[in-house]
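# Descriptive structure summary
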Amino acid sequence: IIKAIAKVCDSGRFLYGPDVKELESKVAAVCSTRHAVGCASGSDALLLSLMAFDIGPGDEVITPSFTFFATASCIWRLGAKIRFVDIDPVTFNIDPAKIEEAVTPATKAIIPVHLFGQCAEMDAIMDIAERHHLKVVEDAAQAIGAEYHGRPACSMGHVGCISFYPTKNLGGYGDGGMLTTNDDDLAARLRKLSAHGMNQRYYHNEVGVNSRLDSIQAAVLNVKIGHLGRWTEQRRANAERYDQLFSAAGLDKQLVLPREMPGQYHVWNQYTVRIADGSRDELRSRLSEQQVGSETYYPVPLHLQECFRSLGYEPGSLPVTERAAEEVMSLPIFPELTRQEQDLAVRRIGELLRAGRAAA
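Residues numbered from 1 in each chain as written. Predicted model: local features only at pLDDT ≥ 70, side-chain atom pairs only at ≥ 80, totals over all residues. Heavy atoms only, no water.

### A look at the layout of surface pockets
There is about 800 Å³ of room inside the largest pocket. Tyr-165, Thr-167, Lys-168, Asn-269 and Gln-270 are the residues nearest the centre of the largest pocket, which is lined by 41 residues in total. Among the elements of the structure, α3 (42–52), α4 (70–77), β8 (159–163), α9 (228–248) and β12 (328–331) are those that each provide at least two residues to the lining of the largest pocket. Residues that form the lining of the largest pocket fall into these classes: 18 nonpolar, 16 polar and seven charged. (1 Å grid on protein atoms, 1.4 Å probe; cavity = no way out; pocket = protein on both sides within 12 Å on 5 of 7 lines; lining within 4 Å. Points joined across faces, edges and corners; volume = space filled by probe spheres on them. Helix = DSSP H or I, 4+ residues; strand = E, 2+ residues; numbered from the N terminus. Nonpolar A, V, L, I, M, F, W, Y, C, P; charged D, E, K, R; others polar.)

This is the structure:
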């Protein structure tokens, strides 16, 4: 990686260099798409997608509330209306039945999120989109390499969005993103919009944004992408080991363990359990004291965020989402995680849960 960065520095080609083109080609191959277009972040990828579809005031976009802020902020920034819908309680992904209920004459697009590394139910979502003439933007920020019935994430919707944030399965040394599509004209427009709306320098026929993937990030990712398959298998092995350890300890009756659904290839950006007795936050605090890491994604769902108050959602509006926000806890699952570290995490969780029951 250091050598790759030094090569960029020596060349002076910090933007639009050969490293970016190489990464675009490699990502297109991973996603089985005709095109991949680099941009500055996964957040920008979402924004650029909606811009390319001319989403704006008067339009509605359907998306889950149980996701990172960028999934919804791109809709808000363009003046469109966010239509939050509830999720499946097992996968935490958007519920296609709720999408169907939310479609109105003003609906223009759906943003399904492949949360935690497992694809949403894309067959049902694409069927809804086709019947209602809607665009589908796959938010695959956490799911590069995931598959749905043999089809890669980012190959099923009209456009796919990838994040290279450092904590992702394929993370850079800063921000970076990528858009994928099989549509030649759409790819050209995405590339133009990401460069201030210009094809020829200083000539603009529409207003775009400044969102370029820099060559140094591309150089880093070109090295790392060669290891993505192995790292994914290590994450999958870690998830399977967690399942075995929790079951052997009898904790699969006290925790709701995550599931890989039939026909899916889960890439496990997160291993997320549910703690249904209201002790999640206390358990996380006690684990932290014992130097066992965990995280809560996402403690306040987007429909209840202060900045979206004007949309009119109240507590109870999306009950499955709100319950998940109160109960989920993600455990370390990075590729280099050792068996001993997993043993320790499971043992500590078991001890704390038993102590909690005894105190009750």
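### Brief notes about the nonpolar core
Ranked by internal contacts, the top residues of the largest apolar core, which has 39 residues, are Leu-23, Val-27, Ile-99, Ile-125, Ile-162, Phe-164 and Met-178. Broken down by secondary-structure element, the contributors of at least two residues to this core are α2 (18–31), α5 (96–102), α6 (122–132) and α8 (215–224). Of all the elements, α2 adds the most residues to this core, at five residues. (Core = buried A, V, L, I, M, F, W, Y, C linked by side-chain atoms within 4.5 Å. Buried < 20%, exposed > 50% of the residue type's maximum accessible area, 1.4 Å probe, protein only.)

### A word on unusual backbone geometry
Note the cis peptide between Tyr-297 and Tyr-298, where omega equals 5°. Inspection of the secondary structure puts Tyr-298 in the loop between α10 (280–289) and α11 (319–327). The phi dihedral of Ser-32 is positive, around 55°, even though this residue is not glycine. You can see Ser-32 is positioned in the loop between α2 and β1 (35–39).

### Some details on the environment of Asp-86
Of note, Asp-86 is situated in the loop between β3 (81–85) and α5. Setting aside anything within four residues of it in sequence, one finds Asp-86 in contact with Ile-94, Asp-95, Lys-98, Leu-318, Pro-319, Val-320 and Thr-321. A distance of 2.7 Å separates a polar atom in the side chain of Asp-86 from a polar atom in the side chain of Thr-321. (Contact = heavy atoms within 4.5 Å. Polar contact = N/O pair within 3.5 Å; in protein donor to acceptor, adjacent residues only side chain to side chain.)

### Concerning α3
Most of α3 is tucked away: nine of the 11 residues are buried. Every buried residue of α3 is listed here: Gly-42, Ala-45, Leu-46, Leu-47, Leu-48, Ser-49, Leu-50, Met-51 and Ala-52. The inward-facing, buried residues of α3 contact β1, α4, β5 (135–139), β8, β9 (177–181) and α7 (184–193). At the N-terminal boundary of α3, the capping side chain belongs to Ser-41, with an oxygen 3.4 Å from the backbone nitrogen of Ser-43. Following α3 by one or two positions, Asp-54 has its phi on the positive side, about 60°.

These figures come from the coordinates and say nothing about function on their own.
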